[in-house]
Amino acid sequence: MDIKLWREILDPYYLAVDELLVKFNHIIREHRNYNQYSPIDTVIGRVKSISSILDKVQKKGISLNEIEDKIDDIAGIRIICQFVEDIDKVVEIIRNRKDMRIKSEKDYISHMKESGYRSYHIIVYYTVNTNQGPKEIKAELQIRTLAMNFWATIEHSLQYKYKDNIPEHLKKKLSNASEAIIVLDEEMNYVRDEIMDAQNSFHMKDELVSEILNNIQNLYKVANKREVMKIQEEFYRIYTESDLDELKHYSKQLDMIAQSYKAQSILEGN
Ligand code: 0O2
């Protein structure tokens, strides 16, 4: 197959990966905008390289014109979660979406692979719009925790280095590491609520601070400079005390001050 033909085949997959990345990243943003904990931590995506496709063609004993039919992971999206519990939530989100249709699911979390590999796989049908019209392609979504991803990344590099023949002593080490990761993920689940609270407070504080600074900046344009300096000093005092409730209270008061200047300027305009 010449390069031009490869490009024709792979182009829709590049588009699919780009679109899916935007969509899954938007899920993260939407949660954060509503001060909700996002079950997705990060998303990455790739189109399988031509040499990996050729390796798979050889491994599966298929012909070049069966590539799109027989290889499900030309487009691959990896969804990384912080906690094992988040994986079910992400699977539910995917099952409920109207822009992708599930072809198959593989649960390597309940049924760990012999290598020690753990991850939840979903193959979806996804339609992209190309210059030639709509095209339905398949994409593989791999959903796993940060810890599972760490293991899989290391093991994948070793598979590459040893061309799928990892020495027994290393296999044993990897298997031990995989067991340790199960324990780590379980331990982290115990502190999940605490961590979620801390992260929500962090995002809330971030947003409050930018709202407050926005208000102070606007007040600089309309209010007495000395008064605004005092408001700003008060903000620094509360900020250094790190009391979120006090920061919320201060932000509300500042909103009212800003509103009163707005009302005043409207009245003066009349
Ligand atoms: P790459 O380089 O990541 O793309 P399939 O070959 O997909 O038709 P199979 O083998 O049953 O059918 O698929 P499976 O087991 O669901 O594996 C699909 C992908 O999961 C692999 O793609 C890997 O990315 C990942 N994976 C599966 N098993 C392991 C494992 O033991 N270790 C690691 N690190 N990753 C694994 P590729 O094309 O094999 O590799």
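Rules used in this analysis
- Residues numbered from 1 in each chain as written.
- Predicted model: local features only at pLDDT ≥ 70, side-chain atom pairs only at ≥ 80, totals over all residues.
- Heavy atoms only, no water.
- Axes fitted to C-alpha atoms, helices over the stretch in contact; angles between N-to-C directions.
- Helix = DSSP H or I, 4+ residues; strand = E, 2+ residues; numbered from the N terminus.
- Parallel < 35°, antiparallel > 145°, perpendicular 65-115°, else oblique.
- Contact = heavy atoms within 4.5 Å.
- Nonpolar A, V, L, I, M, F, W, Y, C, P; charged D, E, K, R; others polar.
- Near = heavy atom within 4 Å.
- Polar contact = N/O pair within 3.5 Å; in protein donor to acceptor, adjacent residues only side chain to side chain.
- Areas by Shrake-Rupley, 256 points an atom, 1.4 Å probe, with all protein chains shown as cover.
- 1 Å grid on protein atoms, 1.4 Å probe; cavity = no way out; pocket = protein on both sides within 12 Å on 5 of 7 lines; lining within 4 Å.
- Sits in = over half its atoms within 2 Å of the grid points.
- Domains from an automatic or database assignment.
- Buried area = accessible area lost by both parts, 1.4 Å probe.
- Salt bridge = Lys/Arg side-chain N within 4 Å of Asp/Glu carboxyl O.
- Points joined across faces, edges and corners; volume = space filled by probe spheres on them.
- Buried < 20%, exposed > 50% of the residue type's maximum accessible area, 1.4 Å probe, protein only.
- Pairing = 2+ DSSP bridges.

### Topic: the packing of helix 5 (residues 146-161) against helix 6 (residues 168-190)
Across the interface, helix 5 lies against helix 6 with an axial gap of 9 Å and an inter-helix angle of 170°. When the axis of helix 5 is compared with that of helix 6, the two are roughly antiparallel. Only Leu170, Leu174, Ala177, Ser178, Ile181, Leu184 and Asp185 of helix 6 make contact with helix 5, whose side of the interface consists of Ala147, Met148, Trp151, Glu155 and Leu158. Residues of the contact of helix 5 with helix 6, tallied by class, amount to nine nonpolar, one polar and two charged.

### Here we look at the site of the ligand
Taken together, 17 residues sit near the ligand, with Lys48, Lys60, Lys113, Ser115 and Glu155 positioned nearest. Interatomic distance of 3.2 Å between a side-chain N/O atom of His121 and an oxygen atom of the ligand. Across the complex, the protein chains shield 77% of the 720 Å² of accessible surface that the ligand would expose by itself. Among the cavities detected, the one that contains the ligand is the largest pocket. When residues of the shell around the ligand are traced back to their parent elements, those giving at least two are helix 2 (50-60), strand 5 (133-145) and helix 5. At four residues, the largest contribution of residues to the shell around the ligand is made by helix 5. Across the shell around the ligand, the residue classes tally to three nonpolar, five polar and nine charged.

### With respect to the domain arrangement of the protein
Once the domains are mapped, the protein shows domain 1 (3-168) and domain 2 (195-269). Computed from C-alpha coordinates alone, the two centres of domain 1 and domain 2 are separated by 43 Å. Listed as interface residues are seven residues of domain 1 and, on the opposing side, seven residues of domain 2. For the pair domain 1 and domain 2, the summed buried surface comes to about 640 Å²; carbon and sulfur atoms form 53% of the total. In terms of surface lost to domain 2, no three residues of domain 1 exceed Arg32, Asn35 and Tyr37, which account for 71% of the buried area on that side. Seen at the junction of domain 1 and domain 2, the total is zero salt bridges. Applying the counting rule to domain 1 against domain 2 returns one residue pair in polar contact (both at pLDDT 80 or more). Here the residues of the side of domain 1 that touches domain 2 sort into two nonpolar, four polar and one charged.

### Description of the layout of surface pockets
Looking at the largest pocket, its volume works out to about 2,000 Å³. As for the largest pocket, its lining consists of 48 residues, of which Lys56, Lys59, His156, Gln159 and Asp164 are closest to the centre. Of all the secondary-structure elements, those providing two or more residues to the lining of the largest pocket are strand 1 (42-47), helix 2, strand 2 (75-81), strand 3 (100-107), strand 4 (120-130), strand 5, helix 5 and helix 6. Along the lines of polarity and charge, the residues of the lining of the largest pocket split into 11 nonpolar, 15 polar and 22 charged. One number sums up the size of the second largest pocket: a volume of about 230 Å³. For the lining of the second largest pocket, the element with the highest residue contribution is helix 1 (residues 3-33), accounting for five residues. For the lining of the second largest pocket, a count of residues per class yields three nonpolar, three polar and four charged.

### A short note on the pairing of strand 2
Summarising burial for strand 2: six of the seven residues are buried, a large majority. Across six bridges, the pairing between strand 1 and strand 2 is antiparallel. Residue pairing in the sheet places Arg46 in a bridge with Gly76 of strand 2. Where strand 2 and strand 5 come together, seven bridges link them in parallel fashion. Each residue of the ladder has a partner; that of Ile80, found in strand 5, is Arg144.

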